[in-house]
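Close look at the chain arrangement
These are the residues of each chain, in order.
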Amino acid sequence: MLVAMAPVAPVWLRPILRNANMPLLGFLLAQILGMVKESSAMTRTTLAATRIESGIALNVMPQTAVVNFNSRIMPGDPFPSNLSSPALTNKTVLINPKTSN
């Protein structure tokens, strides 16, 4: 991805980005980008809640809720086996607001 950004990058950054696929330079760029808040998601595996759906009104306790998560696995990272688990797909979690003391 960094190599693809080279043509539109500032002139001083283009040679670095063109060679970002070199092992040592790629590693150094990943370390530097990981330190900057705005670019850290480009250098690691991420998981984000992208949609939450529940309830029929603001003042009504929902009976069910649906949350969609998107994951982005960084190339080279081992795929977490728990993400590919069938138990995680269409997972139903029951939350009971009534707790016994």
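Scroll up a little and you will see the structure.
Residues numbered from 1 in each chain as written. Predicted model: local features only at pLDDT ≥ 70, side-chain atom pairs only at ≥ 80, totals over all residues. Heavy atoms only, no water.

**A short note on the overall build of the protein chain**
As a reminder, the rule being used: Only DSSP runs of H or I with at least four residues qualify as helices, and only runs of E with at least two residues qualify as strands; both kinds are numbered from the N terminus onward. Buried residues are those whose accessible area, probed at 1.4 Å on protein chains only, stays under 20% of the maximum for their type, while exposed residues exceed 50% and partly exposed ones sit between those limits. The contact definition used throughout considers only heavy atoms, calling two residues in contact when any of these lie within 4.5 Å. Using the Shrake-Rupley algorithm and a 1.4 Å probe, accessible areas are obtained, with residue cover drawn only from the displayed protein chains.
When its secondary structure is counted, the protein chain shows three helices and two strands. For the protein chain, the N- to C-terminal ordering of α and β elements is α-α-α-β-β. Scored against the burial criterion, the 101 residues of the protein chain give a buried share of 9%. Long-range pairs, those at least 24 residues apart, make up 27% of the contacts in the protein chain between residues at least 6 apart in sequence. Accessible surface for the protein chain amounts to roughly 8,700 Å². Of this, 63% is attributable to carbon and sulfur atoms.

**Concerning a nonpolar patch on the surface**
Convention followed: Patches draw on residues past 30% relative accessible area with no salt bridge. Two like charges within 9 Å are joined, as are two nonpolar side chains (Val, Leu, Ile, Met, Phe, Trp, Tyr) within 5 Å. The term salt bridge refers to a side-chain nitrogen of Lys or Arg lying within 4 Å of a carboxyl oxygen of Asp or Glu.
The grouping of L47, I52, V67 and F69 at the surface amounts to a nonpolar patch, some 430 Å² of accessible area in total. Listing elements by their share of the nonpolar patch, those giving two or more residues are β1 (46–54) and β2 (65–72).

**Thoughts on the nonpolar core**
Within soluble globular proteins, side chains that are nonpolar generally end up buried alongside one another. Condition: Side-chain atoms within 4.5 Å are what join buried Ala, Val, Leu, Ile, Met, Phe, Trp, Tyr and Cys residues into a set we call a nonpolar core.
Counting seven residues, the largest nonpolar core consists of L2, A6, A9, L17, A20, L29 and L33. For L2, the contacting residues outside a window of four places in its chain are L17, A20, L29, L33 and M42.

**A look at the pattern of salt bridges**
Tallying each qualifying case throughout the model produces one salt bridge. With a closest N to O distance of 3.3 Å, E53 and R51 form a salt bridge.

**Topic: the environment of Q31**
Inspection of the secondary structure assignment puts Q31 in helix α3 (residues 23–35). When its relative accessible area of 40% is taken as the criterion, Q31 is described as partly exposed. C-alpha of Q31 to C-alpha of T43: the two residues are 12 residues apart in sequence and 7.9 Å apart in space.

**Notes on the environment of L25**
Relative to the assigned elements, L25 resides in helix α3. Given a relative accessible area of 25%, L25 falls into the partly exposed group. Ignoring any residue separated from it by four or fewer positions in sequence, one finds L25 in contact with I16, N19 and A20.

**Looking at the environment of P75**
Along the chain, P75 falls in the segment after β2. Look at P75 and you get exposed, because its relative accessible area is 71%. The spatial distance from the C-alpha of P75 to the C-alpha of T45 is 8.6 Å, given a sequence separation of 30 residues.

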